[in-house]
Amino acid sequence: MKEEHTFQIKSLITEHKCSRAFKLGSTVTYKWIGKQFVNDVLESPKLSLRKMKALVSKRYNINVSVGQCRNAKKLALSEVEGSLKEHYAKLWDYAAEIRRANPGSHVEVFLEPQPDNTVVFDRFYVSFKGVVDGWLDGCRKGLFEAVKERLPDVEHTLCARHILANFHKKFKGEQYFKPFWRAVNATTVPKFEAAMNEIKSLESRAYDYLIDRDPRCWSKAFFREGMDCDAVENGVSESFNSAVLDARRKPLITMLEDIRCWVMQRLWMQKQNGLSWDLDICPSIRREIEDLKELQSKPTPAPSTTSPSHSTPDSSTAGPSHSTPAPVKRTLVKKAHVKKAPVKKVPLNDAGRVRKFSERITEIGLQKNVKVKDGTGCSQDKPVTLE
């Protein structure tokens, strides 16, 4: 039996009372685990490593480490989505497929030359014809021309957060942050100049850098009155970056497909929401109008037109009819202006804002006269369109 592969049983115990040990992680490899979990990763790409470890223990009675699960998940993802090199190699095929499936779409793949005469991927640009047609149907021209035609008084602003990010690349230190945001949120030119002088005292080049970025586009001190927009940050870009955060962790083509599907779904949902509106004014602006109407519907006491001698009761010069009402009127004015009027939200003297809102919605609803304070401080009746 020396030449044969056999074995001999010397003793056999048929009954066992010992428990089985499940710490057999060393007997399996991450490749084996990854192949078993390809479908799980496909259905749930966000599967956590701890949950994956628990599933291995539950299904196969094996305790594995978190590191094994991490490598197994990477292997499963590569099986599902392909390697990064394969994605970049298929990028031109992906662009050709977009042009074939969406005739009229514009797709560009940009490369960046390297010193060793090789090229690497730089960026990918795509403009779907359906999206372009939608813009043209609504605007009939390019975006800039459409803005000039449809919104001739629109004010162009820059994102203060992006300005600060670029500023921080050249001028390090947190000492610039507070004065910068004071300059951004300053509502008057003297406050803006005070904040900028503080930056200038720290570094004159930092001052020149911000001035070159045209403060009229990022400081509230230079925003035109009547525009009714005090936003200093580009929320659209921030929202988009937050929405595609998970997609950005995936291989290139998978990332592009996830972003494309998300944008298509969002455009459809926004269109359905817009079609469900009963008016041409979006809900957020309508809420602003409601707040404005509620504020302006509160009566504002008009200043007295009588002489100073009548405003101060004097029994020797004025009759009983002039001595009693004056103190009461002063008390009402104090309550209305100091305690009740939300001055920060909508100033009482912003008659121009009421007029612009009224002109915007003259085709719907009724009109109601409300008290509005004009530039002279006197209260006047102004028509405001109501629903």
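Scope of this entry: the structure provided in the associated data block.

1. Some details on the pattern of salt bridges
Per the stated rule, a full pass over the model turns up eleven salt bridges. In this structure, D122 engages R123 in a salt bridge whose closest nitrogen and oxygen atoms are separated by 2.5 Å. The closest approach of N and O atoms between K293 and E290, which form a salt bridge, is 3.1 Å. Taken together, the residues K293 and E290, both in helix α15 (residues 283-296) and three residues apart, mark about one turn of the helix. On the basis of relative accessibility, which here comes to 35%, the residue E290 falls in the partly exposed class.

2. Topic: a nonpolar patch on the surface
A grouping of F7, I9 and L12 is seen on the molecular surface, where their side chains present a nonpolar patch of about 420 Å² in accessible area. Mapped onto the secondary structure, I9 falls in the segment before α1 (30-36). With relative accessibility at 58%, the residue I9 sits in the exposed group.

3. Side note on the nonpolar core
Burial of nonpolar side chains together is a common tendency in soluble globular proteins. F167, F180, F192, M196, I199, L210 and W218 are the most contacted members of the largest nonpolar core, which has 22 residues in total. If near-sequence neighbours (up to four positions away) are discounted, I199 is found in contact with Y176, P179, F180, A206, Y207 and L210. Among the nonpolar cores identified, the runner-up in size contains 14 residues, and A95, I98, V107 and V109 belong to it.

4. A short note on the environment of V132
Within the fold, V132 resides in helix α7 (residues 129-139). Along the primary structure V132 and H106 are separated by 26 residues, whereas in three dimensions their C-alpha atoms are 10.0 Å apart.

5. Regarding the pairing of strand β1 (residues 106-113)
Pairing between β1 and strand β2 (residues 119-127): eight bridges, direction antiparallel. Bridging across to β2, E112 finds its partner in V120. Hairpin connection between β1 and β2: a loop of five residues separates the two successive antiparallel strands, and N117 in this loop has a positive phi of roughly 65°.

Conventions and cut-offs
Numbering of residues starts from 1 in each chain and follows the order in which that chain's sequence is written. Local features in this predicted model are restricted to residues whose pLDDT is 70 or higher, and side-chain atom pairs enter the listing and the counts only when it is 80 or higher, whereas totals over whole chains, interfaces and linings include all residues. Heavy atoms from the whole structure form the basis of all side-chain values; hydrogens and water molecules are not counted. Only one rule defines a salt bridge in this text: a Lys or Arg side-chain nitrogen within 4 Å of an Asp or Glu carboxyl oxygen. What counts as a helix is a DSSP run of H or I of at least four residues, what counts as a strand is a run of E of at least two, and both are numbered from the N terminus. Only protein chains enter the accessibility calculation, which uses a 1.4 Å probe; a residue whose area is less than 20% of its type maximum is buried, one above 50% is exposed, and one in between is partly exposed. The patches reported here contain residues having more than 30% relative accessible area and no salt bridge. Joining distances are 9 Å for like charges and 5 Å for nonpolar side chains (Val, Leu, Ile, Met, Phe, Trp, Tyr). Note on areas: Shrake-Rupley, 1.4 Å probe, and residue coverage restricted to the protein chains presented here. We define a nonpolar core as any set of buried Ala, Val, Leu, Ile, Met, Phe, Trp, Tyr and Cys residues linked to one another through side-chain atoms lying within 4.5 Å. The contact rule is simple, with two residues in contact once any of their heavy atoms fall within 4.5 Å. By the convention used here, strands pair only if DSSP detects at least 2 bridges between them.

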